[in-house]
Amino acid sequence: KQEVTQIPAALSVPEGENLVLNCSFTDSAIYNLQWFRQDPGKGLTSLLLIQSSQREQTSGRLNASLDKSSGRSTLYIAASQPGDSATYLCAASSGAGSYQLTFGKGTKLSVIP
Amino acid sequence: DGGITQSPKYLFRKEGQNVTLSCEQNLNHDAMYWYRQDPGQGLRLIYYSQIVNDFQKGDIAEGYSVSREKKESFPLTVTSAQKNPTAFYLCASTSGYSTDTQYFGPGTRLTVL
């Protein structure tokens, strides 16, 4: 059974700093790896999706990488802003034909002005 | 605007009552999902449906029931058999292709009085 772990559980950084969030998964037989953002009391917003055949994806100040062999993904946020404060969740897709996502518990990011 | 709607936003249930959470999507997606989120936890899959009139249990289906009579709708009933129903419930949908992310609704917060 797929297990997804995110470290650290919480992170506080000063505005303008570059930062990396980590995600690890136990089963490398994934279709894709996804990163989501969740604001307090809200639903999830998709940030990046990396196909199993890809190594990384970029969107603006965000860059996500995927290393299937080691079971790891990272989300890099450049020049952090207070508006980036949120919980970031990663999810691994697996389950042949069913496209299920297994989520980590998230990293709560606080960017201090 | 295309998207997923969930209602109500807040729901209060007395012990022994069944309650139904609504989820509607106008994205023409085949697959729909229900997740439960507890404080400090990732999302756990309750039920999912890949096609109308068909659905499968997720990891924590006990005490819940669903129906999928229309492509656009996937209501979740929290029955009195669910011993600890207080949680944040999220509905999601996707086209089902591995290149497509899951799109989430805004969530329903259920509290047992």
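Since the model is a prediction, treat every value here as computed from it, not as a measurement.

**Q** Describe the environment of Val13(A), listing the residues and the values that go with them.
**A** All names here are of chain A. Take Val 13: it is sitting in strand β2 (residues 10-14). Distance in space between the C-alpha atoms of Val 13 and Gly 104 is 21 Å, their sequence separation being 91 residues. Leave out the neighbours within four places in its chain, and Val 13 touches Leu 19, Ser 80, Leu 109, Ser 110, Val 111 and Ile 112.

**Q** Can you lay out the pattern of salt bridges for me, pointing to particular residues and giving the numbers?
**A** For the coordinates displayed, the defined rule picks out 5 salt bridges over all chains. Across the pair Asp39(A) and Arg37(A) runs a salt bridge whose closest N-O atoms are separated by 3.0 Å. Its relative accessible area of 29% is what places Asp39(A) among the partly exposed residues. The class for Arg37(A) is buried, based on a relative accessible area of 17%. As a salt-bridge pair, Lys71(B) and Asp30(B) come within 3.4 Å of each other at their nearest N and O atoms. Of the two residues, Lys71(B) is situated in the loop between β7 (64-66) and β8 (76-78) and Asp30(B) in the loop between β3 (19-25) and β4 (31-37); the sequence distance between them amounts to 41 residues. Residues participating in the shared-partner salt-bridge network are Arg36(B), Asp38(B) and Arg44(B).

**Q** Before we move on, could you go through the environment of Gly106(A) and cite the residues and values that matter?
**A** One can find Gly106(A) in the loop between β10 (100-103) and β11 (107-112). Sequence-distant contacts of Gly106(A), that is, excluding residues within four places in its chain, are made with Gln6(A), Pro8(A), Ala9(A), Thr87(A), Tyr88(A) and Leu89(A).

**Q** Can you lay out the state of the cysteines for me, pointing to particular residues and giving the numbers?
**A** In protein structure, a disulfide is the covalent linkage between the sulfur atoms of two cysteines. All names here are of chain B. Following the criterion strictly, the structure yields 2 disulfides over all chains and no others. Disulfide pairing places Cys 23 opposite Cys 91 at an S-S distance of 1.8 Å. In this structure the cystine formed by Cys 23 and Cys 91 twists about its S-S bond by roughly -70°; its chirality is therefore left-handed. One end of the pair, Cys 23, is in strand β3; the other, Cys 91, is in strand β9 (residues 87-94), with 68 residues separating them in the sequence. As far as the burial class goes, Cys 23 and Cys 91 line up, both buried.

**Q** Explain the packing of aromatic side chains to me, using residue names and the numbers behind them.
**A** Applying the stated criterion across every chain, the model contains 9 aromatic pairs over all chains. Their ring planes at 40° and their centres at 5.7 Å tell us that Phe36(A) and Phe103(A) sit as a pair that is tilted. Taken together, the positions of Phe36(A) in strand β4 (residues 32-38) and Phe103(A) in strand β10 put the pair 67 residues apart, joining distant regions of the chain. The residues Phe36(A) and Phe103(A) share a single accessibility class, namely buried. The interplanar angle of 35° and the centroid separation of 5.7 Å between the aromatic rings of Tyr35(B) and Phe104(B) together place this pair among those described as tilted. Of this pair, Tyr35(B) sits in strand β4 while Phe104(B) is found in strand β10 (residues 103-104), placing the two residues 69 residues apart along the sequence. Judged by relative accessible area, Tyr35(B) falls into the buried class, the value being 1%. An aromatic cluster of three or more residues is present, and its members are Phe36(A), Phe103(A), Tyr33(B), Tyr35(B), Tyr48(B) and Phe104(B). A cation over a ring is seen here: Arg68(B) above Phe74(B), with NZ or CZ 6.0 Å from the ring centre.

Rules used in this analysis
Position numbers for residues start from 1 in each chain and track the written sequence from start to end. Here chains are named by letter from A upward and ligands by number from 1 upward, in the order in which they appear as written. For a predicted model such as this one, the threshold for reporting local features is a pLDDT of at least 70, and the threshold for listing and counting side-chain atom pairs is 80 or more; totals across whole chains, interfaces and linings nevertheless cover every residue. Processing note: side-chain calculations cover all non-hydrogen atoms of the structure and skip hydrogens and water entirely. Strands are runs of DSSP state E lasting at least 2 residues, helices are runs of H or I lasting at least 4, and numbering of each runs from the N terminus. Only heavy atoms enter the contact rule, under which two residues are in contact if any of them lie within 4.5 Å. Salt bridges are identified by distance alone: a Lys or Arg side-chain nitrogen within 4 Å of an Asp or Glu carboxyl oxygen. Under the scheme applied here, a residue whose accessible area is under 20% of the maximum for its type counts as buried, over 50% as exposed, and between as partly exposed, the area being computed with a 1.4 Å probe on protein chains only. The disulfide criterion is simple: two cysteine sulfur atoms within 2.5 Å. Any two of the Phe, Tyr and Trp rings considered here, Trp counted by its six-membered ring, make a pair once their centres fall within 6.5 Å; the pair's planes then place it as stacked at under 30 degrees, edge-to-face at over 60, or tilted in between. Cation placement over rings: the criterion is NZ of Lys or CZ of Arg within 6 Å of the ring centroid and within 35° of the ring normal.

Geometry only, nothing functional implied.
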